[in-house]
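If you want the building blocks of each chain, they are given just below.
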Amino acid sequence: MTTGAKRSVDEQVQFALAWLKSRSTRATLEGMARYAIPSDHAYGVAMKDIKALSKTLGRSQPLALALWATGVYEARMLASFVGDPEQLTAAQMDRWCKDFDNWAFCDAMSFNLFDRTPHAWAKVAQWSTRRNEFEKRTAFALLWSLSVHDKRAGDELFVRGLGLIEREACDERHFVKKATNMALRAIGKRNRTLNAAAVAVARRLADSQDSTERWVGKDALRELTSPPVRARLRA
């Protein structure tokens, strides 16, 4: 039995907060600003320590909800590791997504939890139309994550994803355009068929009159047509 399993949810939260605070450093807290992460509600704990704590606690959706409710940055990051994808509902994903106020939450939740739920693909499509910058970023961070982690998904799902990328690549907001670019590059590295489809999208964007679309397309083309990527896909 893990340490987390021996405690009530409230006790686990208090244990986690104390554990995190004991590993906080001023340097880590001050360094968050360099990565555009708000530190108003943060302790300043390295990601490797957050991951280590999550292994001690194990998966628990009630605990993840309680950690998120604290509002503490590191506790919310921890929630992405301890949340249970089988118990996480689509409605709860929406509630969390609306709370995201920085790119790190978008990416951590997408890569550690959201992409393992049965709701993931539906949320990519749903969130891709959101006005809020971080909700919209989450759509493409999740698509990026699925291209890496969802080994069973067919190419047709990613082709639809390319359609969403092409449709939204004109969004000039920094954290959205970076996510659309990363999703485009990730899909194009999945296999040779998707590489060809992604390159076609990237070329159309690179030829666009819109400066944001051009950046997304040209930056993706550099990687997707590079010798290392081509060689790996042939192999």
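Residues numbered from 1 in each chain as written. Predicted model: local features only at pLDDT ≥ 70, side-chain atom pairs only at ≥ 80, totals over all residues. Heavy atoms only, no water.

### Some details on the overall build of the chain
Next up, step 1: Looking only at helices and strands, the chain features 14 helices and zero strands.
Next up, step 2: When the elements of the chain are put in sequence order from the N terminus, they spell out α-α-α-α-α-α-α-α-α-α-α-α-α-α.
Next up, step 3: Its C-alpha radius of gyration of 19 Å places the chain within 12% of the 18 Å reference for a compact globule of 235 residues.
Next up, step 4: Of all 235 residues assigned to the chain, the portion counted as buried reaches 52%.
Next up, step 5: The long-range fraction of contacts in the chain, counting pairs at least 24 apart against all pairs at least 6 apart in sequence, stands at 71%. (Helix = DSSP H or I, 4+ residues; strand = E, 2+ residues; numbered from the N terminus. Rg over C-alpha atoms; globule rule 2.2 N^0.38 Å. Buried < 20%, exposed > 50% of the residue type's maximum accessible area, 1.4 Å probe, protein only. Contact = heavy atoms within 4.5 Å.)

### Digging into the state of the cysteines
Next up, step 1: Scanning all chains against the criterion turns up zero disulfides.
Next up, step 2: With no disulfide of its own, Cys97 has Cys106 as its nearest cysteine by sulfur position, at a separation of 6.6 Å.
Next up, step 3: Exposure remark for Cys97: the relative accessible area of 0% places this residue in the buried category. (Disulfide = S-S within 2.5 Å.)

### Things to note about the packing of aromatic side chains
Next up, step 1: Within this structure, the stated rule accounts for ten aromatic pairs.
Next up, step 2: Note on Trp121 and Phe158: the rings are 5.0 Å apart at their centroids and 80° apart in plane angle, and the pair reads as edge-to-face. On the criterion of sequence distance, the pair formed by Trp121 in helix α8 (residues 120-127) and Phe158 in helix α10 (residues 155-168) is long-range, its members being 37 residues apart.
Next up, step 3: Residue Phe158 is classed as buried on the basis of its relative accessible area of 0%.
Next up, step 4: Here a set of aromatic residues connected by ring pairs shows up, and it is made of Trp68, Tyr73, Trp96, Phe100, Phe105, Phe114 and Trp127.
Next up, step 5: We note Arg7 situated over the ring of Phe15; from NZ or CZ to the ring centre the distance is 4.2 Å.
Next up, step 6: Taking the ring centre of Trp19 as reference, the NZ or CZ of Arg23 above it sits at 3.7 Å. (Phe/Tyr/Trp six-rings, centres within 6.5 Å; stacked < 30°, edge-to-face > 60°. Lys NZ or Arg CZ within 6 Å of the ring centre and 35° of its normal.)

### Overview of the nonpolar core
Next up, step 1: If you look at the biggest cluster of nonpolar residues, it comprises 72 residues, and the most contacted ones within it are Leu67, Trp96, Phe100, Phe114 and Leu184.
Next up, step 2: Apart from residues no more than four positions distant in its own chain, Phe114 is found in contact with Leu88, Met93, Trp96, Phe100, Met109, Ala120, Trp127, Thr138 and Leu142. (Core = buried A, V, L, I, M, F, W, Y, C linked by side-chain atoms within 4.5 Å.)

### Comments concerning the environment of Ala104
Next up, step 1: Considering the arrangement of structural elements, one finds Ala104 in helix α7 (residues 103-112).
Next up, step 2: For Ala104, a relative accessible area of 5% translates into the label buried.
Next up, step 3: Sequence-wise, Ala104 and Phe134 are 30 residues apart; in three dimensions their C-alpha atoms are separated by 9.7 Å.
Next up, step 4: Excluding residues within four positions of it along the chain, Ala104 makes contact with Ile37, Tyr73 and Met77.

### So, helix α1 (residues 9-22)
Turn by turn, an α-helix covers 3.6 residues, leaving residues three or four places apart pointing in a common direction.
Next up, step 1: The end-to-end C-alpha distance of α1 is 20 Å, a good match for the 20 Å that 14 residues give at a rise of 1.5 Å each.
Next up, step 2: Considered for burial, the residues of α1 that qualify are Gln12, Val13, Ala16, Leu17, Trp19 and Leu20. The buried side chains of α1 occupy one side of the element, clustering within an arc of 165° when seen end-on. Seen from the buried face of α1, the exposed residues on the opposite side, beyond 90 degrees, are Asp10, Lys21 and Ser22.
Next up, step 3: On its buried face, α1 is in contact with α3 (47-57), α4 (61-69) and α5 (73-82). (Expected span 1.5 Å × (residues − 1). Arc of directions from axis to C-beta.)

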